Amino acid sequence: MSDLTTVLEATGALAGVGGLGYAKVRAPRVYWSLVGLPVTWSRFTVTYRSTMDVCGLTVQPSRLRAFMARNIARREVQPVPPKVRRVRGTSTGLRVSLRLPAGLEPADVAAASQRLRHAWGVHSVNVVETKPGVVELRMTGYDVLRRVKMPRRRKAAGPMVVPVALREDGSVYVRDYRKVPMALTLGANQSGKSMYQRNLITGLAKLPVGLLGIDCKRGVEQSAYINRLSALATTPEDADRLLEVLVKEMEERFDLISEHHVSDVWDLPEDLRPKPYVLLVDEVAELFLTAAKKDGERRDRMVMRMVRLAQMARAVGIYLEVCGQRFGSELGKGATMLRAQLTGRVVHRVNDKQTAEMGLGDVAPDAVMAATAIPADRPGVAVAGDSSGGWSRIRTPETTPAEAAAVCREYAHLTPHPSFLAPFRPVLPADPAPAEAPSLVKPQPVTE
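Rules behind the numbers
- Residues numbered from 1 in each chain as written.
- Predicted model: local features only at pLDDT ≥ 70, side-chain atom pairs only at ≥ 80, totals over all residues.
- Heavy atoms only, no water.
- Helix = DSSP H or I, 4+ residues; strand = E, 2+ residues; numbered from the N terminus.
- Polar contact = N/O pair within 3.5 Å; in protein donor to acceptor, adjacent residues only side chain to side chain.
- Pairing = 2+ DSSP bridges.
- Axes fitted to C-alpha atoms, helices over the stretch in contact; angles between N-to-C directions.
- Contact = heavy atoms within 4.5 Å.
- Patch = residues over 30% accessible without salt bridge, like charges linked within 9 Å, V, L, I, M, F, W, Y side chains within 5 Å.
- Areas by Shrake-Rupley, 256 points an atom, 1.4 Å probe, with all protein chains shown as cover.
- Salt bridge = Lys/Arg side-chain N within 4 Å of Asp/Glu carboxyl O.
- Lys, Arg positive; Asp, Glu negative; His and termini not counted.
- Charge placed at Lys NZ, Arg CZ, Asp CG, Glu CD.
- Buried < 20%, exposed > 50% of the residue type's maximum accessible area, 1.4 Å probe, protein only.
- Phe/Tyr/Trp six-rings, centres within 6.5 Å; stacked < 30°, edge-to-face > 60°.
- Arc of directions from axis to C-beta.

(A) Representation of the environment of Ser113 within the structure. Along the chain, the position of Ser113 falls in helix 5 (residues 113-120). When the C-alpha atoms of Ser113 and Cys55 are compared, they prove to be 9.3 Å apart, with 58 residues separating the residues in sequence. A distance of 3.0 Å separates a polar side-chain atom of Ser113 from the backbone oxygen of Ala110.

(B) Highlighting the sheet that holds strand 2 (residues 93-99). With antiparallel pairing, 4 strands are arranged side by side in an open sheet as 1-2-4-3. Strand pairing shows two members of the sheet lacking a second neighbour, strand 1 (83-89) and strand 3 (124-131), which therefore form its edges. Strand-to-strand twist of the sheet, defined as the mean angle between neighbouring strand axes without regard to direction, takes the value 20°. As judged from the 6 bridges shared by strand 1 and strand 2, these two strands associate in the antiparallel manner. Across the sheet, residue Arg86 finds its bridge partner in strand 2, namely Ser97. Taken strand by strand, helix 5 contacts strand 3 and strand 4 (134-140), and its axis lies near 125° from that of strand 3.

(C) Structural detail: a positive patch on the surface. A contiguous patch of positive charge, built from Lys83, Arg85, Arg86, Arg88, Arg99 and Lys131, is present on the exposed surface. Sorting elements by how many residues they give to the positive patch places strand 1 first, with 4 residues. Its place among the elements puts Arg99 in strand 2. Judged by relative accessible area, which is 41%, Arg99 ranks as partly exposed.

(D) Local environment of the packing of aromatic side chains. Within the structure shown, the criterion is met by 4 aromatic pairs. Seen from their ring centres, Phe44 and Trp120 are 5.0 Å apart, and the 70° between their planes marks the pair as edge-to-face. Of the two residues, Phe44 sits in helix 2 (residues 28-54) while Trp120 sits in helix 5, which places them 76 residues apart along the sequence. Under the relative-accessibility criterion, Trp120 is labelled buried at 0%. Judged by centre distance (5.6 Å) and plane angle (50°), the rings of Tyr177 and Tyr319 are tilted. In this pair, Tyr177 sits in the loop between strand 6 (172-176) and strand 7 (182-186) while Tyr319 sits in strand 11 (residues 318-324), placing the two residues 142 residues apart along the sequence. Both residues of the pair, Tyr177 and Tyr319, belong to the buried class.

(E) Region of interest: the pattern of salt bridges. Tallying each qualifying case throughout the model produces 18 salt bridges. Asp264 is the partner of Arg314 in a salt bridge, and the nearest nitrogen-oxygen pair spans 3.1 Å. In this pair, Arg314 sits in the loop between helix 9 (296-312) and strand 11 while Asp264 sits in the loop between helix 7 (236-259) and strand 10 (277-282), placing the two residues 50 residues apart along the sequence. Between Asp352 and Arg326 there is a salt bridge whose closest N-O contact spans 3.1 Å. Within this pair, whereas Asp352 is found in the loop between strand 12 (344-348) and helix 11 (353-360), its partner Arg326 is found in the loop between strand 11 and helix 10 (335-341), the two being separated by 26 residues in sequence. Relative accessible area serves as the criterion here: at 25%, Asp352 is assigned to the partly exposed category. Judged by its relative accessible area of 32%, Arg326 is partly exposed. Connected via shared salt-bridge partners are Arg95, Glu136, Arg138 and Asp169.

(F) Seen up close, helix 5. Looking at helix 5, one finds that the buried residues are Ser113, Leu116 and Trp120. All buried residues of helix 5 project into a common sector of 60° when viewed along the axis, lining one side. The elements touched by buried residues of helix 5 are helix 2, helix 4 (106-111), strand 3 and strand 4. Downstream of helix 5 by one or two residues, Gly121 has phi in the positive range, about 65°.

Here it is, written out as structure tokens:
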């Protein structure tokens, strides 16, 4: 009987070990919550002071503190590490808030992040300055970008905020159009650009905004979102006319906010505030390249109109999302000027360092090497930079074109249909078959 009991106990133990091993691979969040978090928290608590000392993140105590330690406490004077203010576990890692002593700065802690990662046995340690003198160590217990799973519950952060991807520290990467109104997305073929755009459009479709598309590849990408688009241009000629009416709309909106003595459309009363619009430009190089000399004037008009929108349209609620494989001076006059106005940058895997420098070199130079190191077997991984010089690795969850199209159909009732966009309005088929792409109607020239 005792032998049978022993066998059953051993079998149960092996099953438990096997279950944990399966969870570690297939359900890392479960494994982290059950095993990883308690172990890491204990290791951090026990080894914190010694780890800070070995990593050079301590300072000598003040003279008063040293005097009190020697003469009152009768103990050896020890270096002072950052003070732990709060420790909080999450579903992906551990968050530790530290108060830095005089003599240390956030850059010192960031420089030691790799040593801290190995000391505490976590996947990564990211250092974020939350306020002067206080940093947060954002530890992740596993590779959260291997299989992206967005948090189910997210608080609404504003009227023009869209969650798009997951950062490597487990937090959500969002597009906040009121903070970063104009953005550029770069990446090679099969790098995940289209998936990023699908996630962006899926989020925007649920908001009370108008979506406008320019897809000069005859609409092969954006025609799937036709139910949610207020306008769609599929040729350079159509794009030229659409940009023209958008510039006129921008000028009329400036007259409106000037009449009410405000500097931003969001300062207007809600009943007077015009609908915000997001212009999605797919493969921007198609607007710059010309096959014949006669197309040069049209190209120059389009570029200058896009530059004007990028420079001024933020205040009137018109935003740009520009996407392409490359975006440099080789595209011709105006390309560098336009790129400088697109302060939000997301760079997926690229084929050369120069492309990464086009996207990140002027906003986050340290991120250029990170963009060139993205492996080809991880589509959707990108480096996101911002105008403040910060950057982070992100990855968008896998979203199929059919899923994005379904969301656009569900929220089609939010699509605005202003009269100035009527010539560019795509016409929906009466009863489209599920497997068929919706047909497009070529926009007609705008009459004065």
